[in-house]
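Letter by letter, the chains look like this.
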Amino acid sequence: MKNIRSVYHDSQTEKRTIEEIGRMLSLIYRRQYEQIGDGLKKTGLTALHSVVLVNIYRHPGLNQNELAELISIEKATVSRILMSLEPQKLIERQPDETDRRYNKLYVTRLGEEKVKESLDIQIHIWTVALAAMPQPDREELRARLAQLGECFGFARRDKEE
């Protein structure tokens, strides 16, 4: 990480801008998380359960440690979530052939149905939220958020596509 003093300019305007960006990102995240949670109630999933399930679906065969790192959640929390998803037959664990200490995680057919419901809910919420924004502005927003995410260590998906 760069030294904060080497990139931070001490003007009041810039400080307010930075604080506002952080505040808005935080508020948007919390609000969309609440809305997704409300939408998921009919599926029997919480927003966090959905995050775990969707990421196992998108990365079949990853292990619990890889999942925790991928979604930036503590291993113990991931473990508790997996223990609640498994009895519902939404995921299954298979021993890793190369390292028996780990289990590979997979979404079951029932889990795939829940993933699709969850993604439909998320897409609907974001479609409504972005409806008033013209397409070029949405593309610009996506690009700027990807750029910001890269500053926090996330890979840019638009470079891969």
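Located above this text is the structure these notes cover.
Since the structure is predicted, the reported quantities are computational estimates derived from the model, not experimental observations.

**What about the overall build of the protein chain?**
- Across its full length, the protein chain carries eight helices and two strands.
- N-terminal to C-terminal, the α/β element order of the protein chain is α-α-α-α-α-β-β-α-α-α.
- Here the C-alpha coordinates of the protein chain stretch approximately 55 × 35 × 30 Å along the principal axes.
- A burial count over the protein chain gives 27% of its 161 residues as buried.
- If you take every contact in the protein chain between residues at least 6 apart in sequence, the share linking residues at least 24 apart comes to 46%.
- Put simply, the protein chain shows about 11,700 Å² of open surface, and 55% of that area lies on carbon and sulfur atoms.
- Each charge class in the protein chain was averaged separately, 26 positive and 25 negative side chains, and the resulting centres sit 3 Å apart.

**Some points on the side chain of D99**
- Here D99 shows up in the loop between β1 (91-95) and β2 (103-107).
- At a separation of 2.6 Å, a polar atom in the side chain of D99 contacts the side chain of R101.

**A short note on unusual backbone geometry**
- The phi angle at S72 is positive, at roughly 55°, despite the residue not being glycine.
- Classification of S72 as exposed rests on a relative accessible area of 57%.

**Let's talk about the nonpolar core**
- Judged by nonpolar contacts, the single largest core of 20 residues is most densely connected at V52, L53, I56, L67, V78, L82 and L85.
- Those elements giving two or more residues to this core turn out to be α3 (47-58), α4 (64-71), α5 (75-85), β2 and α6 (109-130).
- Those residues in contact with I56 that lie beyond four places of it in its chain are L62, L67, L82, I91, L105, Y106 and V107.
- Core analysis: the next-biggest nonpolar cluster, separate from the first, contains five residues, I36, L40, A47 and I121 among them.

**Section: a nonpolar patch on the surface**
- Together, I21, L25, L141 and L145 line one region of the surface with nonpolar side chains, adding up to about 310 Å² of accessible area.
- Elements supplying a minimum of two residues to the nonpolar patch: α2 (12-40) and α7 (135-151).
- By the secondary structure assignment, L25 is in helix α2.
- Since its relative accessible area comes to 36%, L25 is described here as partly exposed.

**As for the pattern of salt bridges**
- This model, assessed by the stated rule, comprises seven salt bridges.
- The partner of E34 in a salt bridge is R31, with the nearest N and O atoms 3.8 Å apart. Separated by three residues within a single helix, E34 and R31 lie in helix α2, roughly one turn from each other.
- Between R144 and E140 there is a salt bridge; the shortest N-O distance is 2.7 Å. Of the two residues, R144 and E140 both sit in helix α7, four residues apart, roughly one turn of that helix.
- Given the relative accessible area of 40%, R144 is considered partly exposed.
- Residue class for E140 comes out partly exposed when judged on its relative accessible area of 42%.

**As for the packing of α3 against α5**
- For the pair α3 and α5, the least separation of the axes is 10 Å and the interaxial angle reads 85°. One way to sum up the angle between α3 and α5 is to call them roughly perpendicular. Listed contacts from α5 to L48, H49, V52, L53 and I56 of α3 are T77, I81, L82, S84 and L85.
- Taken together, the residues of the contact of α3 with α5 sort by class into seven nonpolar, three polar and no charged.

Rules used throughout
- Residues numbered from 1 in each chain as written.
- Predicted model: local features only at pLDDT ≥ 70, side-chain atom pairs only at ≥ 80, totals over all residues.
- Heavy atoms only, no water.
- Helix = DSSP H or I, 4+ residues; strand = E, 2+ residues; numbered from the N terminus.
- Buried < 20%, exposed > 50% of the residue type's maximum accessible area, 1.4 Å probe, protein only.
- Contact = heavy atoms within 4.5 Å.
- Areas by Shrake-Rupley, 256 points an atom, 1.4 Å probe, with all protein chains shown as cover.
- Lys, Arg positive; Asp, Glu negative; His and termini not counted.
- Charge placed at Lys NZ, Arg CZ, Asp CG, Glu CD.
- Polar contact = N/O pair within 3.5 Å; in protein donor to acceptor, adjacent residues only side chain to side chain.
- Core = buried A, V, L, I, M, F, W, Y, C linked by side-chain atoms within 4.5 Å.
- Patch = residues over 30% accessible without salt bridge, like charges linked within 9 Å, V, L, I, M, F, W, Y side chains within 5 Å.
- Salt bridge = Lys/Arg side-chain N within 4 Å of Asp/Glu carboxyl O.
- Axes fitted to C-alpha atoms, helices over the stretch in contact; angles between N-to-C directions.
- Parallel < 35°, antiparallel > 145°, perpendicular 65-115°, else oblique.
- Nonpolar A, V, L, I, M, F, W, Y, C, P; charged D, E, K, R; others polar.

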